[in-house]
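# Topology and contacts: notes
Listed below, chain by chain, are the residues.
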Amino acid sequence: MSADLSVTFTGLKFENPFLLASAPPTESESNILRAFAAGWGGVVTKTIGVHPVVNVKGPKTNFNRTDPESGHISMKKRSGAALHSSWNWELISDKPLDWWIGRLARIKKEHPSKILVASIMAGSGTDAEMRHWQDLAKACQEDGVDALELNLSCPHMDRPDMGSNIGKDQEQISIVTHVVKEVAKVPVWAKLTPSTTDIVVEARGAFLGGADAISSSNTFTSLPVIDPETLEFEMNVEGYVSTGGLGGPAILPLSLAKMAQMTAALPDRGFSGIGGVSEFSHALNYFLLGCGTVQVCTAAMLDHAVGPNVIRNLNQGMAEFLEKNAHRGWKGLEDFRGLRRDRVVPHSRIKRPDEAAYHGGYDTETQPPAAADAGRRAK
Ligand SMILES: Cc1cc2nc3c(=O)[nH]c(=O)nc-3n(C[C@H](O)[C@H](O)[C@H](O)COP(=O)(O)O)c2cc1C
């Protein structure tokens, strides 16, 4: 009997918990159709918006690789170098909403059992912008998408009322989510930025607005490295660069830390894990922290644009994992989801060789934290 990889997430049945994240692999109808044929359980479309999109001159994405001998990180291709990360400054879909409408319906008709999620984005500065969110949501759901993902996380937006600039403000997150929920008939996922101090604050804002789940992370704010010979950024336009987003292997541990914060604080909520996944052992981290699905971008971009080998290995890896753990009675994701959520604890709860000597960083065990602080300030 083959393993049952299916999951139910935000009320939707997925044949497996692996989705292509919103990015180049999901930018066209042909890519999405190929992705479904290859075995992905779901896809999140490249973000659809209503404002004009004009990308920078030249390449929008490149890949950092680490030389195993020297440790040098560079975008220059060298044999034997291992993938470190993707770096991009690509904006959302440059195809207008009209282009997507009709195509979403066709995709869904061809693959009714697959989960099609529309990623949408508008501004939040005016009432008219808020209506854009609703227009996008209504148009996509009327065309048959199964869920909506709100892009509150694109790291390279000039406008202060868009992308991660919304995602850094818990009130704006709540308002935008609420506005979309007013018209949504399908589940709404909020995709958060990792570029804040305490992501639990923004996650609470999204759930307060009615979000059905959080997707995290989008890419991390970053710069390309500078070439030591030319002293130019390895990616630039006429010498200039601006911050872009880091994805791929380098962000797996970073994104896990963000996810662990949220799943510990909000254990009963839905989370879709993103960041640095290319094989099942990576995805397993997110599942053990409590995620119900996992999304992939960089690894898929490097595997025939939509990741046919990546999804085959993810499915196979999960089937083998279930088989290996059948003796524990595990039959599906729900049997191990969240199993390591409570293992992330404050530093003071980690065992010391000499327990008696450590008081959470304070001088003595008996000194209350406030008194210890006051004492220190008085000195
Ligand atoms: C070239 C590129 C374009 C992206 N475009 C979008 C986008 O339009 N909307 C969005 O929500 N995320 C976008 N992302 C972020 C990815 O969906 C994903 O969150 C991120 O790359 C981390 O996953 P990874 O480590 O598997 O790459 C983009 C990422 C890349 C590399």
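Above: the structure in question.
Keep in mind the model is a prediction, meaning the values are calculated, not measured.

Before going further, it helps to examine the overall build of the chain. Looking only at helices and strands, one finds twelve helices and 16 strands in the chain. A globule of 379 residues ought to have a C-alpha radius of gyration of about 21 Å, and the chain, at 22 Å, matches this closely. Overall size of the chain, expressed as C-alpha extent along the three principal axes, is 70 × 60 × 50 Å. Here the chain holds 379 residues, and 53% of them are scored as buried. Counted over contacts in the chain with a minimum sequence separation of 6, partners at least 24 positions apart contribute 69%. As displayed, the chain has an accessible area near 17600 Å², and 53% of this comes from carbon and sulfur atoms.

Estimated volume of the largest pocket: approximately 530 Å³. Together, 39 residues line the largest pocket, and Ser-22, Ala-23, Asn-88, Thr-219 and Cys-297 are the ones closest to its centre. Counting only elements with at least two residues in the lining of the largest pocket, the list comes to strand E8 (82-88), strand E16 (293-296) and helix H10 (298-301). Residue classes in the lining of the largest pocket are distributed as 18 nonpolar, 18 polar and three charged. For the second largest pocket, the calculated volume is near 380 Å³. Tallied by class, the residues present in the lining of the second largest pocket amount to 13 nonpolar, four polar and two charged.

Per the counting criterion, the structure on display carries 13 salt bridges. Its salt-bridge partner being Lys-114, residue Glu-15 comes within 2.8 Å of it at the nearest N-O pair. Here Lys-114 lies in the loop between helix H3 (103-110) and strand E9 (115-121) and Glu-15 lies in the loop between strand E2 (12-14) and strand E3 (18-20), a separation of 99 residues in the sequence. Accessibility expressed as a relative area gives 6% for Lys-114, which makes it buried. Between Glu-238 and Lys-57 there is a salt bridge, with its nearest N and O atoms 3.0 Å apart.

Criteria and cut-off values
Every chain is numbered independently, its residues counted from 1 as its sequence is written. Whole-chain, interface and lining totals are the exception, using all residues; otherwise, since this is a predicted model, local features are given only for residues with pLDDT of at least 70 and side-chain atom pairs are given and counted only at 80 or more. Only hydrogens and water are removed before side-chain values are computed, so all heavy atoms of the structure are retained for them. Secondary structure elements follow DSSP: runs of H or I no shorter than four residues count as helices, runs of E no shorter than two count as strands, and numbering proceeds from the N terminus. Each radius of gyration reported is based on C-alpha atoms, and the globular scaling rule is 2.2 Å times the count of residues to the power 0.38. Relative accessibility decides the category of a residue: with a 1.4 Å probe and only protein chains considered, values under 20% of the type maximum give buried, values over 50% give exposed, and everything between is partly exposed. Contacts: residue pairs with any heavy atoms within 4.5 Å of one another. Note on areas: Shrake-Rupley with a 1.4 Å probe; residue coverage comes only from the protein chains shown. Each cavity reported here is a set of points on a 1 Å grid over the protein atoms alone in which a 1.4 Å probe fits but cannot get out, each pocket an open set with protein on both sides within 12 Å along at least five of seven lines, and each lining residue one with an atom within 4 Å of a point. Grid points are joined across faces, edges and corners, and a volume is the space filled by probe spheres set on the points. Each residue receives one of three labels: charged for Asp, Glu, Lys and Arg, nonpolar for Ala, Val, Leu, Ile, Met, Phe, Trp, Tyr, Cys and Pro, and polar for the others, Gly being one of them. Any carboxyl oxygen of Asp or Glu that lies within 4 Å of a side-chain nitrogen of Lys or Arg is treated as forming a salt bridge with it.

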